[in-house]
Amino acid sequence: MFHTNRWAAAFVALAGEDARALACLNALVPPVKAISGALFGHAASRQLEMLLKESAEAAGFSGTGAQYAIRFIALLVEKNRFGHIDSILLAIEEMFDRQSGVPDVILESAAPLDGAFREEAARRIAALYGTEKINLKTRLIPELLGGYRLRSGGFYIDASLRGQIEELKSGLEAAYITPSAGV
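Residues numbered from 1 in each chain as written. Predicted model: local features only at pLDDT ≥ 70, side-chain atom pairs only at ≥ 80, totals over all residues. Heavy atoms only, no water.

Asks: What should I look at first to understand the packing of aromatic side chains in this one?
Replies: In this description, a pair of aromatic rings is defined by centroid distance and the angle of the planes. Throughout the structure, instances matching the rule amount to two aromatic pairs. Taking the centre distance of 6.1 Å and the plane angle of 65 degrees together, the rings of W7 and F72 count as edge-to-face. Taken together, the residues span a long stretch of sequence, with W7 in helix α1 (residues 4–15) and F72 in helix α4 (residues 64–78) at a distance of 65 residues. Of the residues examined, F72 reaches a relative accessible area of 7% and is grouped as buried. Each ring, one from F11 and one from F72, has its centre 5.1 Å from the other, and the planes form 55 degrees; the classification is tilted. With F11 in helix α1 and F72 in helix α4, this pair connects stretches of sequence that are 61 residues apart. (Phe/Tyr/Trp six-rings, centres within 6.5 Å; stacked < 30°, edge-to-face > 60°. Helix = DSSP H or I, 4+ residues; strand = E, 2+ residues; numbered from the N terminus. Buried < 20%, exposed > 50% of the residue type's maximum accessible area, 1.4 Å probe, protein only.)

So this is what it looks like as structure tokens:
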């Protein structure tokens, strides 16, 4: 059994309130995901650690926050747990948000959002939370085909075209009754 929150809590405990550590972690994950083939074990994690250090420095990350992010990714690789990185990142972001007291909201869309829509969405979501400030993060996910998905903690709205197609498909599959043999 994998314990996402334990891994996330370990990173947050080390990083403290250093948001640059999380930013560095977010910046270093995509290049590691792009590596094809099996990547686990102590030797792989050591080689990866050296490459990540160079990548972090090239991206302008240095100091203890960058070291925590690099070592955390290397440890996940060493323990063959890097496949869980997306759920770990979400848990880490939630923990950082709780520390800061500002809710974190992720708005995923199929197409880039214009500034006016982003500002209006942030204003309305903040009003729903009863706060003046939220941390609105946007992610571009072309697989949604259209519309958007909204995530915040345990709150989730899927208003994407892909979500509507999946819901329609599930409804049709549930309504279809397979004829029995011999009837």
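Additional details are given in the paragraphs that follow.
Asks: I tried to follow a nonpolar patch on the surface on my own but got confused; where do I start?
Replies: A grouping of L145, L161 and I165 is seen on the molecular surface, where their side chains present a nonpolar patch of about 270 Å² in accessible area. Examined against the element boundaries, L145 turns out to sit in the loop between β2 (135–140) and β3 (147–152). (Patch = residues over 30% accessible without salt bridge, like charges linked within 9 Å, V, L, I, M, F, W, Y side chains within 5 Å. Areas by Shrake-Rupley, 256 points an atom, 1.4 Å probe, with all protein chains shown as cover. Salt bridge = Lys/Arg side-chain N within 4 Å of Asp/Glu carboxyl O.)

In short, geometric facts, not functional conclusions.
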